[in-house]
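# Observations on the three-dimensional arrangement
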Amino acid sequence: MISSRLISISKYTKGYNLLLDVGSDHGLLPIYAINNNYVKDAIASDINFKPLIKAKENFKKYNLDIKTIIYDGIPKTNADCIVIAGMGSELIIQILEKTLDNAKNLKRLILCPNTDYEMLRTYINHKFNIVFEEVIYDKNHYYEIIVLEKGDSNYNEYELYFGPVLLKTRSKEFINKLEKDLKTLKNIVNGITDLIKKENVEKEIKMIEEILCQDTL
Ligand SMILES: C[S@@+](CC[C@H](N)C(=O)[O-])C[C@H]1O[C@@H](n2cnc3c(N)ncnc32)[C@H](O)[C@@H]1O
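Described below are features of the structure shown in this document. Quick caveat: nothing in here was measured; it's all calculated off a predicted structure.

With that settled, the discussion passes to the pairing of strand β3 (residues 67-70). Sheet faces and side chains relate simply in a regular strand, where the side chains alternate between the two faces. Judged from the four bridges that link them, strand β2 (residues 39-46) and β3 form a sheet pairing that is parallel. Within β3, the position partnered with I43 by the bridge is K67. Note on the crossover from β2 through helix α3 (residues 49-61) to β3: the handedness is right-handed.

Take a look at the structure:
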């Protein structure tokens, strides 16, 4: 069954022609996007063939003609919308660095890594604008969905750490995530022996406290 995380991600594909789901695994996201008429057509790609065998079975079950491609990163494509989800930010950055040029028609890039959101926002800064962001809670884990369109953004330290849209909208899930992060950081800070690491964590704690104590105007 499709997760609430993938359902939330799929919303941002609405209105595009061709969706490419990179690292599609069992192909649940393209199935959902097509069945809900969010996109006209979709391609599922993955570096491994085994998940794509399962994806093909799933497409057959739903009687959908979704192409599958085995590829490391983004294959050559006409897709105007690309999703990369369920991987670490470091891997997503590697994929973008090596293969983003294969998507000449790209209009929207939807990313949902498992971790290191600041690292990912720092990488896309000056290359893409963040047009939507959302914090979601699924199976005991908070995720951030980052929706990008080409642009010459220039985000500051706070925007890169927290997310420019998340800072503005301050959803309940965003505040809950910050409260959880703050608790985790406060629990570990005294046990850190490396001075630079300790200073960094102390800075994160200060920044989160600063954001949590502000109300929206
Ligand atoms: C944890 S699954 C995520 C599946 C789905 N995207 C999601 O968010 O639930 C990660 C998938 O990415 C694939 N993957 C890992 N590295 C990849 C790469 N460099 N290029 C394409 N797919 C990759 C894996 O084979 C796996 O099927």
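What follows deals with the site of the ligand. G23, D25, I47, A85 and G86 are the nearest of the 16 residues found near the ligand. Class assignment of the residues belonging to the shell around the ligand gives a composition of eight nonpolar, five polar and three charged.

Within the chain, D25 stands out as a residue other than glycine whose phi angle is a positive 60°. Along the chain, the position of D25 falls in the loop between β1 (16-22) and α2 (28-35).

We now examine the sheet that holds strand β7 (residues 141-150). Spatial strand order, β3-β2-β1-β4-β5-β7-β6: seven strands in an open sheet with mixed pairing. Taken across any chain shown, the strands that pair with only one partner, and hence form the sheet edges, are β3 and β6 (128-138). Going across the sheet, the axis of each strand differs from the next one's by a mean of 20°, ignoring polarity. Sheet topology note: the strand β4 (residues 81-85)/strand β5 (residues 108-112) ladder contains five bridges and is parallel. Looking across to β5, one finds that I84 is bridged to L111.

Reading the values: rules and limits
- Residues numbered from 1 in each chain as written.
- Predicted model: local features only at pLDDT ≥ 70, side-chain atom pairs only at ≥ 80, totals over all residues.
- Pairing = 2+ DSSP bridges.
- Helix = DSSP H or I, 4+ residues; strand = E, 2+ residues; numbered from the N terminus.
- Right-handed = clockwise from strand over helix to strand, strands pointing away.
- Near = placed C-beta within 6 Å.
- Nonpolar A, V, L, I, M, F, W, Y, C, P; charged D, E, K, R; others polar.
- Axes fitted to C-alpha atoms, helices over the stretch in contact; angles between N-to-C directions.

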